[in-house]
Amino acid sequence: MRLKEWGRSLSVGSLTLVEGGAGVLRVAADGDGWGSANRSSAKVGKWWGGASGNAGGGCSRDCDYGGNNKGSRFPLSFSHSTHPAFITSSPPLTILSKKMEKRMVASSAIWIIILLAVLVHQNNHQLVAADSTMHTNNWAVLVCTSRFWFNYRHMANTLSLYRTVKRLGIPDERIILMLADDMACNSRNKYPAQVFNNENHRLNLYGDNVEVDYRGYEVTVENFLRVLTGRHENAVPRSKRLLSDEGSHILLYMTGHGGDEFLKFQDSEELQSHDLADAVKQMKEKRRFKELLIMVDTCQAATLFNQLESPGVLAIGSSLKGENSYSHHLDSDVGVSVVDRFTYYTLAFFERLNIYANASLTSLFNSYNPNSLMSTAYYRTDLYQRSLEEVPVTNFFGSVMETIPTKSAYKAFSNKDVISNEGRMSHHQASSDMENPAKLLTDTDLDHVSDLKGHPLHLLWKTWQNKLDSLATVENIVNHGLLLMLPLLAVATWLPL
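Residues numbered from 1 in each chain as written. Predicted model: local features only at pLDDT ≥ 70, side-chain atom pairs only at ≥ 80, totals over all residues. Heavy atoms only, no water.

Draft legend 1. Quick look at the overall build of the protein. Counting secondary structure elements, the protein contains 13 helices and 19 strands. Burial statistics for the protein: of 497 residues in total, 39% are counted as buried. Expressed as a percentage of contacts within the protein between residues at least 6 apart in sequence, the contacts between residues at least 24 apart total 66%. (Helix = DSSP H or I, 4+ residues; strand = E, 2+ residues; numbered from the N terminus. Buried < 20%, exposed > 50% of the residue type's maximum accessible area, 1.4 Å probe, protein only. Contact = heavy atoms within 4.5 Å.)

As structure tokens, then:
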């Protein structure tokens, strides 16, 4: 049906309504000729009158009028002998708007599918990239959050781990050491410039090779989070930055006083569990690590890991919720406790290892005896993809570099050898090659020549075949397939429904 009101026309079905001048409404059906209807001035907003067509018979039905006076209704009669004698009650503009609405809904659904496909592709790509990234280097961030003399043991804990990771191969330029107080120069220290973790005083932890990056009041929650996320001011030197990358394994060790989902910094501020989780999430999004091991020696240490959600993170704490972390023994000469139990038994485990040891993380975790610790060591592994039995402790606490033997000390010597060997080619062999120039072309060259002489479609097929051969895994094929679907879905959005 087509409705025209002063130059405006709409159509529904097989009927046509055309309004001419002077309030005359004309109705036409398929091949049945024209009828006419007159508008009654006594009925405002209504259409009245009888219509006559080529065929006999007539009927009338109320219909919605979709013109400027939207929502008004008018009775209309027309004559038609073969069709049902009524005009649809749905207004033309309403029908078109419903069609447009359906098309918009379908388009929105298609774009939602495209968006989900892109997100899935991006997530899979990140997971595949994370799995395929090679372990390139190790870093250690060692933090003592306590100050005051009676917290001597916390500084000894941190310096003990500092010595251990250096002995196992992590260089000083890849260690960030944060000490909230300087016990070595404290006026109460009976042994100036020395710090011990055992009452026998055999090992001075504060030797000549200790490089403290953050000292005293520099050890704050803000600076700690800046170190993890890499959001430093321009004036901060490189030696105070964690310059890790997507192939780095990072050891994060923290010791001090804590409670339910918090760790105190210098008795003045606290690091909350969600602060730590947010920093780790930023690190993962910025590709600042491949794997991260968080080790915390404090009361209720396990609660600090509750908010962690980033993959590739392994966490271990010295105590569960509601448990305390105790010191190991008292040094009567120093006058305070010199080491905590959890760190003491961790050091005892590593003192039996060297840089080439193959001890796994499972052996480290199994070494913690609750009776010796007087607390329950807790480790969280649900975010860590690999089996702990397959991961050596030196992946986090050491830095073992793979050695690749070469034939010569310098590459230049190898090139000279190659040149000299090429120069020894006999004159007979060279002449025979010149006599048979076809032998000088390798199989790859022949394929290239044949491709150049082939049809363009053949070249296109060859290109696609090379692309498919370069895809190493099924996941890559699926990801490329999802990308190819995007333009197809975008075109399908505009097709008529």
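Draft legend 2. Broad picture of helix α2 (residues 152-167). For α2, with 16 residues, the first-to-last C-alpha span of 23 Å sits near the 22 Å given by 1.5 Å per residue. For α2, the buried fraction is high: 13 of the 16 residues fall into the buried class. (Expected span 1.5 Å × (residues − 1).)

Draft legend 3. How the structure looks around the environment of Val219. Positionally, Val219 belongs in the loop between β10 (214-215) and α3 (221-229). Spatially, the C-alpha atom of Val219 lies 7.5 Å from that of Phe265, the residues being 46 residues apart in sequence. In this structure Val219 touches Val143, Cys144, Met178, Leu179, Ala180, Tyr214, Phe265 and Gln266, once residues within four positions along its chain are discounted.

Draft legend 4. Broad picture of the packing of aromatic side chains. This structure, assessed with the given rule, holds nine aromatic pairs. Ring geometry for Tyr344 against Tyr345: centres 5.3 Å apart, planes inclined by 90°, an arrangement best described as edge-to-face. When its relative accessible area of 26% is taken as the criterion, Tyr344 is described as partly exposed. Through a chain of ring-to-ring contacts, three or more aromatic side chains come together here, namely Phe349, Phe350 and Phe397. Lying across the ring of Tyr214, Lys240 places its NZ or CZ 5.2 Å from the centre. (Phe/Tyr/Trp six-rings, centres within 6.5 Å; stacked < 30°, edge-to-face > 60°. Lys NZ or Arg CZ within 6 Å of the ring centre and 35° of its normal.)

Draft legend 5. Representation of the pairing of strand β14 (residues 269-272). Both strand β13 (residues 262-265) and β14 contribute to a ladder of four bridges, which runs antiparallel. Paired with Phe265 across the strands is Glu269, a residue of β14. Here β13 folds back onto β14 in antiparallel fashion, the turn holding three residues, of which Gln266 has a positive phi close to 55°. (Pairing = 2+ DSSP bridges.)

Draft legend 6. Spatial organisation of unusual backbone geometry. Positive phi outside glycine occurs at Ala193, with the angle close to 60°. With respect to the helices, strands and loops of the structure, Ala193 is situated in the loop between β9 (175-179) and β10. For Ala193, a relative accessible area of 42% corresponds to the partly exposed category.

Draft legend 7. Looking closely at the packing of α2 against helix α5 (residues 341-350). Two numbers describe how α2 lies on α5: the axes approach to 10 Å, and their chain directions differ by 15°. As judged from the angle between their axes, α2 and α5 are roughly parallel. Helix-helix and strand crossings are classified by hand; for α2 and α5 the assignment is left-handed. Judged by residue contacts, Asn157, Ser160, Leu161, Thr164 and Arg167 of α2 engage Thr343, Leu347 and Phe350 from α5. Partitioned by chemical class, the residues of the contact of α2 with α5 number three nonpolar, four polar and one charged. (Axes fitted to C-alpha atoms, helices over the stretch in contact; angles between N-to-C directions. Parallel < 35°, antiparallel > 145°, perpendicular 65-115°, else oblique. Left-handed = near helix turned anticlockwise from the far one by under 90°. Nonpolar A, V, L, I, M, F, W, Y, C, P; charged D, E, K, R; others polar.)

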